[in-house]
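An overview of the molecular structure
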Amino acid sequence: MKRIVIVGGGAGGIGVATRLGRRLGRKKKAEVILVDMAENHVWKPLLHELATGTLDTGIDAMSFRGHARANGYRFQQGRLTGIDREQRRIELAPIMDGDQELLPARTIAYDYLVVAIGSVAKDFGIPGVQEHCHFLDTTQQALDIKDTLRKRFLRYAREERLSEQVKVIIIGAGATGAEMAAEMMHAADQLKGYGFNMDPAMLSITLIDAAERILPQVPREAIANSVARQLENMGIQVRMGQRVVRAEADGIVLAGGEKLPSDLTLWAAGIQAPEFLADIGGLETNADHQLVVKPNAQTTRDERIFAIGDCCACPQADGSIAPPRGQVARQMGHMVVNNLIDLLNDREPRREYVYRDLGSLVNLSRFHTVGNLFSFLGGGVMVEGRLARFTYHSLYRRHLLEVYGLLRGTLMMTVRSLSHFLRPALKLH
Ligand SMILES: Cc1cc2nc3c(=O)[nH]c(=O)nc-3n(C[C@H](O)[C@H](O)[C@H](O)COP(=O)(O)OP(=O)(O)OC[C@H]3O[C@@H](n4cnc5c(N)ncnc54)[C@H](O)[C@@H]3O)c2cc1C
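Let me begin by describing the structure that accompanies this report. (Residues numbered from 1 in each chain as written. Predicted model: local features only at pLDDT ≥ 70, side-chain atom pairs only at ≥ 80, totals over all residues. Heavy atoms only, no water.)

**A closer look at the nonpolar core**
Generally speaking, nonpolar side chains in soluble globular proteins are found buried as a group. We apply this condition: Nonpolar cores were defined as sets of buried Ala, Val, Leu, Ile, Met, Phe, Trp, Tyr and Cys residues, with membership established by side-chain atoms within 4.5 Å. Each residue's exposure class comes from its accessible area (1.4 Å probe, protein chains only) as a fraction of the maximum for that residue type: buried when under 20%, exposed when over 50%, partly exposed otherwise. Note that domain bounds follow an automatic or database assignment of domains. The contact criterion used is simple: two residues touch if any of their non-hydrogen atoms lie within 4.5 Å.
Counting residues in each nonpolar core, the largest one holds 109 residues, and the members touching the most others are Leu-20, Ile-90, Leu-203, Ile-214 and Leu-231. Taken domain by domain, this core gets at least three of its residues from each of domain 1 (3–119 + 273–344) and domain 2 (124–269). Setting aside residues up to four positions removed in sequence, Leu-231 forms contacts with Ala-178, Leu-207, Ile-214, Ile-236, Val-238 and Leu-364. In terms of nonpolar packing, the next biggest core, distinct from the first, is built from 14 residues, Ala-121, Ile-126, Ile-252 and Trp-267 among them.

See below:
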């Protein structure tokens, strides 16, 4: 029986494991193994809600082990460190608990491999960023942000330093930075309900970017202007055209020498694939360490290895590459499943990925949602308010239906809705 190994169970990889498990694993037509360095799957576009406590991992995190058992694939926890293409096996780092080795370094053999390990923040080599900034790439990093904010708020309330503000700087005014800023404002407002003696004015949030306008990846200026207005109405300072040259423990320094103090600095200024991919198994990578793939997602130097989502560079007819987005990872995943089934049946994996921009929506917490739908129809349609909010959340609903199936997915959505009524608005611990 052939073995398909998928590394990375995020927005793209979990769909591949689920579909292959149901279609091949359950029927013993192939062995399907998912490897992830985390134990649980959390939908990455919700990480900013996890960081502010508006999302509860108790409800929204899904155990890979339980999901694997129910869907016909096996799960192995481990961090990919190498690929031995000659022997056709992947290498995993040992799993440590502090100084204690829980599981030794291991290898797993494959017949076909799908790499779907996502992206990490890109620091552009700016000094101090790795040491002093927070990032929003993993569940643990989101929880670290929540912990830092909670401690800062707690100290603030106890010390009754009402004349001083808690200062947050977010670098990167793309969708992630803008959504995170709004979510923090919302969380600060909710804290009153927990007995914290504070109002949103005690929180100072500054959003900084070297670009001249916010949301540089959103082509319609009207959307960017609408988001900028909303952020300013919330009291968030937006400083565009400002280049950060250094991050320090207590703030950042801008080109020109101005220093901005900060209690928490979040780096959301760009992404790249994990750096180790550039040295892994001699596969072709680009300047952002993404694995270069053919339009059918096969890596250019090894037809047994596929890559999908943020960690790959998939060429498009106009010379661009498919952008690093949840919808791309998901759609590429669907395509790879069909290509793999073709390969197992001795057919050519012919399907090619064509990116159709269904739109970009920016959700400013409970305050405002705005964006563009059906962008592939030349310019698209600008939407705001309830329709935009409904569509924004439908990406996650579709994801739940895909990974849990129709019945359990619908139940999960119901549980989430009920939990908004039943539990406190913030999860503080
Ligand atoms: C705050 C935020 C909001 C976003 N909002 C949107 C949005 O509204 N719409 C949209 O389209 N996109 C959005 N995105 C982007 C979207 O989340 C990503 O494009 C998408 O998650 C990429 O999917 P992926 O499968 O490539 O990687 P991921 O979803 O990041 O999954 C990668 C998986 O690989 C695992 N992994 C990583 N390294 C290793 C390793 N070495 N070994 C083993 N496992 C590993 C990780 O644990 C993870 O499970 C947002 C991103 C963020 C951070």
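Okay, back to it.
**Observations concerning the side chain of Thr-52**
Heads up, the rule is: Each helix corresponds to a stretch of at least 4 residues labelled H or I by DSSP, and each strand to a stretch of at least 2 residues labelled E; elements are numbered beginning at the N terminus. Any N or O atom pair separated by 3.5 Å or less is treated as a polar contact, with the protein-specific requirement of one donor-capable and one acceptor-capable atom, and with residues adjacent in sequence counted only for side-chain atom pairs.
Tracing the backbone shows Thr-52 in helix H2 (residues 47–52). You can call Thr-52 buried: its relative accessible area is 9%. Within polar-contact distance, the side chain of Thr-52 engages the backbone oxygen of Glu-49 at 3.3 Å.

**A closer look at the environment of Phe-367**
Following the sequence through the fold, Phe-367 ends up in the loop between strand S25 (359–364) and strand S26 (368–373). Along the backbone, Phe-367 and Met-234 are 133 residues apart, and their C-alpha atoms lie at a distance of 8.5 Å. Other than its neighbours up to four places away in sequence, Phe-367 contacts Ala-182, Met-185, His-186, Met-234 and Arg-389.

**Notes on helix H9 (residues 326–344)**
To be explicit about the condition: The length a helix should cover is 1.5 Å for every residue beyond the first.
Its 19 residues give H9 an end-to-end C-alpha distance of 27 Å, which sits within 8% of 27 Å, the value for a rise of 1.5 Å per residue. Of all 19 residues in H9, 14 are buried, a share of seventy percent or more. Phi for Asp-346, located one or two positions after H9, is positive at around 60°.

**Structural notes on the site of the ligand**
The test is simple: Whether a residue is near a molecule or strand depends on its heavy atoms: it is near if one of them lies within 4 Å of it. Residue burial considers only the protein chains on display, and all accessible areas are found by Shrake-Rupley using a 1.4 Å probe. Residues are grouped as follows: nonpolar covers Ala, Val, Leu, Ile, Met, Phe, Trp, Tyr, Cys and Pro; charged covers Asp, Glu, Lys and Arg; every other residue, Gly included, is treated as polar.
With respect to spatial proximity, 29 residues lie near the ligand, and among them Gly-12, Asp-36, Leu-80, Asp-310 and Gly-326 are the closest. Contacts to the ligand include Asp-36, whose side-chain N or O atom sits 2.6 Å from an oxygen atom. At 2.9 Å from an oxygen atom of the ligand is found a side-chain nitrogen or oxygen belonging to Asp-310. When the ligand sits alone it has 1000 Å² of accessible area, and the protein chains cover 88% of it. Contributions of two or more residues to the shell around the ligand are made by H9 and helix H10 (385–404). Among the elements that take part in the shell around the ligand, H9 stands out by supplying three residues, more than any other. Residue classes in the shell around the ligand are distributed as 13 nonpolar, 11 polar and five charged.

**Digging into the sheet that holds strand S17 (residues 251–254)**
Convention followed: A pair of strands is considered paired only if DSSP assigns at least 2 bridges between the two. In this description, a line fitted to the C-alpha atoms serves as the axis of each element, helices being fitted only across the stretch in contact, and the angle between N-to-C directions of two axes falls anywhere from 0 to 180 degrees.
The strand order across the open sheet formed by three strands is S16-S17-S18, and the pairing between neighbours is antiparallel. In this open sheet, the two edge strands, each paired with only one partner strand, are strand S16 (244–248) and strand S18 (259–261). Adjacent strand axes in the sheet meet at a mean angle of 20°, parallel and antiparallel pairs treated alike. The pairing of S17 with S18 spans three bridges and is antiparallel. Paired with Gly-251 across the bridge in S18 is Pro-261.

Everything listed here is a matter of coordinates, which is why it stays silent on function.
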